[in-house]
Amino acid sequence: MEGFGTRIPDRKWEFWDIPEKFLPHPRKMVSATKVLSSNGHSNGSFHNGNGTEEKLDELRRLLGKADGDLLKIVGVGAGAWGSVFAALLQDTYGQFREKVQIRIWRRPGRSVDRATAEHLFEVINSREDVLRRLIRRCAYLKYVEARLGDRTLYADEILRDGFCLNMIETPLCPMKVVTNLQEAVWDADIVINGLPSTETREIFEEISRYWKERITAPVIISLAKGIEAALEPVPHIVTPTQIISRATGVPLENILYLGGPNIASEIYNREYANARICGAEKWRKPLAKFLRQPHFIVWDNSDLVTHEVMGGLKNVYAIGAGMVAALTNESATSKSVYFAHCTSEMIFITHLLAEEPEKLAGPLLADTYVTLLKGRNAWYGQMLAKGELRPDMGDSIKGKGMIQGVSAVGAFYELLSQPSLSVKDPGDSKPIAPVELCPILKTLYKVLITRELSTEAILQALRDETMNDPRDRIEIAQTHTFYRPALLGQP
């Protein structure tokens, strides 16, 4: 007898054995022309032009790759953004098999539940291009079996066919998936960190054991948006790139952060987007060129840690935005009131973190805007306010992955509550913790972390007559010396 959760052996199905009701009706299938982008290429595919091979050769030379020696790129973590990022590289450079190998690692053993399998089957049959690809690869029948309940699918298995468990409705290209972490990373030249910030330390500490014999350090691009709070020897922020460097011994100059106002599914569907890759000049400029596509413009910036922190900060306020949207039935006026207050708090916090905070205004607001519109953190806030989720259910959500804003709320609140960071109260000049000037952050902490307030508290905070005009908070930040370099580990 088979144990619970074990794989069911394949039946020897033939295509004509499939019950007719599970076969896609030709008139119900989306015409292939409907899934083509404006330039006539199917979603996720790219021109074999624009100097693609030349860009690959240039990066190979920079990394010292000899002829016949593969450039090995591996993504670690297969959430939505990590999977899309690897798929973009595969679509662009995978054709040059003698020069580059692109793979993605994810944990084995994650089963796909019946409801997800049924939904996946519907997605497949609605996309003629995907259906034909699976039939051509002799992979369609297993999705029929899963739909019938005769087979258990696994996340790594469907990822090989181009389906990310956190983004079923956006089929990707077929992927080379590795479930053994040591095999995936031990000789990788470029590692993409697609893990949530809360999992980055654990996985890269394991990776460090496989790199002890390495002569040259790999290049690491981190996509993680989140922070940790450290209180010793002084209160400061720890970012994913710093966590990776400390866990592995890879110098920080070899670790970069890529972020920007983007939604993973839209980027794969070739919606125009831009991003920034931040880090040392040696790597950020050639990598920006390597990653750039006609619809995905990548700029470069030297300010690694601050941009990384901003990527975590906007997730905090996105959760509150989702709550306000749901509680007010999508009231444009209420959402604009919230936006005014949350941006004023973010501006205040950036003045604590950065000596020249005005340089961050554009990237931070752009990233905040897109996250408030369609990001998973805003979605999470909505689900909480509607009662479809509860904070005690945790921050790892089926079909969405990790809600990184939850841990960021705790980290920012903990840091900004420290007496050693006190600022003068603009009212009576007494010293107060910075968090006292951030009522939305305080409210989110009490809703999500201590769980002493309900989601309705976010509206009460906005309607508090004692709350300062957002303009006043910005003026306070701009006219006082609040910069605390120690927060980002600066002397």
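Note that this is a predicted model, so its numbers are computed, not measured.

Helix and strand counts for the protein come out as 19 helices and 14 strands. Evaluated residue by residue, the protein yields a buried proportion of 54% over its 491 residues. Sequence-distant contacts in the protein: of pairs separated by 6 or more residues, those separated by 24 or more amount to 72%. Roughly 22400 Å² of accessible area belongs to the protein as shown, and the carbon and sulfur atoms make up 49% of that amount.

Moving on, we come to the nonpolar core. Tyr317, Tyr338 and Phe412 are the most contacted members of the largest nonpolar core, which has 60 residues in total. Of all the secondary structure elements, the ones that give two or more residues to this core are α12 (304-327), α13 (332-353), α15 (376-386), α16 (404-416), α17 (439-448), α18 (457-462) and α19 (470-479). Looking at this core, the element that brings in the most residues is α12, giving 11 residues. Those residues in contact with Phe412 that sit more than four places away from it in its chain are Ile227, Ile237, Val309, Gly312, Leu313, Val316, Ile349 and Leu441. In this structure, Ala78, Leu88, Val177 and Leu256 belong to the second largest nonpolar core, which totals 45 residues.

Take the packing of aromatic side chains next. All chains considered together, the criterion is met by 6 aromatic pairs. Ring centres of Trp81 and Phe296 lie 6.4 Å apart, and the angle between their planes is 80°; this geometry places the pair in the edge-to-face category. Taken as a pair, Trp81 in helix α2 (residues 80-93) and Phe296 in strand β10 (residues 296-301) lie far apart in primary sequence, 215 residues in all. The same class applies to Trp81 as to Phe296, namely buried. Each ring, one from Tyr413 and one from Tyr445, has its centre 3.7 Å from the other, and the planes form 10°; the classification is stacked. You can see Tyr413 sitting in helix α16 and its partner Tyr445 sitting in helix α17, a full 32 residues away along the chain. What makes Tyr445 buried here is its relative accessible area of 19%. Through successive ring pairs, a cluster of aromatic residues spans Trp81, Phe85 and Phe296. The ring of Trp211 has Arg214 lying over it, and the distance from NZ or CZ to the ring centre is 5.5 Å. Above the ring of Trp379, the side-chain terminus of Lys400 is found at 4.9 Å from the ring centroid.

Below, the discussion takes up the packing of helix α3 (residues 114-126) against helix α5 (residues 140-148). Their axes nearest at 8 Å, the elements α3 and α5 cross at an angle of 135°. Compared by their axis directions, α3 and α5 come out oblique. In the packing of α3 onto α5, the handedness of the crossing is left-handed. Together, Arg114, Ala117, Glu118, Leu120, Phe121, Ile124 and Asn125 of α3 and Tyr140, Tyr143, Val144, Ala146, Arg147 and Leu148 of α5 make up the contact between the two elements. Class assignment for the residues of the contact of α3 with α5 results in 9 nonpolar, 1 polar and 3 charged.

Bringing the sheet that holds β10 into the picture now. Pairing within the open sheet is mixed, and its 8 strands lie in the order β3-β2-β1-β4-β5-β8-β9-β10. The sheet is open, and its two edges are formed by β3 (177-178) and β10, each paired on a single side. Note: strand β8 (residues 255-259) against strand β9 (residues 273-278), 3 bridges, orientation antiparallel. Looking at β9, one finds that Tyr257 is bridged to Cys278. Set on the sheet, α2 makes contact with β1 (71-76), β2 (100-105), β4 (190-193), β8 and β10; between it and β2 the angle comes to about 160°. Along the sheet face, helix α9 (residues 240-248) touches β4, β5 (219-222) and β8 and points at about 155° away from the line of β8.

Below, the discussion takes up the pattern of salt bridges. Following the criterion strictly, the structure yields 26 salt bridges and no others. As a salt-bridge pair, Arg284 and Asp300 come within 2.7 Å of each other at their nearest N and O atoms. Separated by 16 residues along the polypeptide, Arg284 in helix α11 (residues 281-291) and Asp300 in strand β10 bring together distant segments of the chain.

The next subject is the packing of α12 against α17. At a closest axis distance of 10 Å, the pairing of α12 and α17 adopts a crossing angle of 75°. By the angle between their directions, the pair α12 and α17 is classed as roughly perpendicular. Between α12 and α17, the contacting residues are Val316, Tyr317, Ile319, Gly320 and Met323 on the first element and Ile440, Leu441, Leu444, Val447 and Leu448 on the second. The residue makeup of the contact of α12 with α17, split by class, is 9 nonpolar, 1 polar and no charged.

Our focus in this paragraph is the confidence of the model for the protein. For the protein, the mean per-residue pLDDT works out to 87, and 88% of the residues sit at or above 70. Under a pLDDT of 50 for its full length, residues 1-17 has, in the predicted model, 27 contacts with residues more than four places off or in other chains. Note on residues 26-47: pLDDT under 50 across the span, and 36 contacts to partners over four residues away in sequence or across chains.

Right, let's get into the environment of Lys212. Residue position: Lys212 is located in the loop between α8 (197-210) and β5. Residues Lys212 and Gly249, 37 residues apart in the sequence, show an inter-C-alpha distance of 9.5 Å.

Definitions and cut-offs
- Residues numbered from 1 in each chain as written.
- Predicted model: local features only at pLDDT ≥ 70, side-chain atom pairs only at ≥ 80, totals over all residues.
- Heavy atoms only, no water.
- Helix = DSSP H or I, 4+ residues; strand = E, 2+ residues; numbered from the N terminus.
- Buried < 20%, exposed > 50% of the residue type's maximum accessible area, 1.4 Å probe, protein only.
- Contact = heavy atoms within 4.5 Å.
- Areas by Shrake-Rupley, 256 points an atom, 1.4 Å probe, with all protein chains shown as cover.
- Core = buried A, V, L, I, M, F, W, Y, C linked by side-chain atoms within 4.5 Å.
- Phe/Tyr/Trp six-rings, centres within 6.5 Å; stacked < 30°, edge-to-face > 60°.
- Lys NZ or Arg CZ within 6 Å of the ring centre and 35° of its normal.
- Axes fitted to C-alpha atoms, helices over the stretch in contact; angles between N-to-C directions.
- Parallel < 35°, antiparallel > 145°, perpendicular 65-115°, else oblique.
- Left-handed = near helix turned anticlockwise from the far one by under 90°.
- Nonpolar A, V, L, I, M, F, W, Y, C, P; charged D, E, K, R; others polar.
- Pairing = 2+ DSSP bridges.
- Salt bridge = Lys/Arg side-chain N within 4 Å of Asp/Glu carboxyl O.
- pLDDT = per-residue confidence, 0-100.

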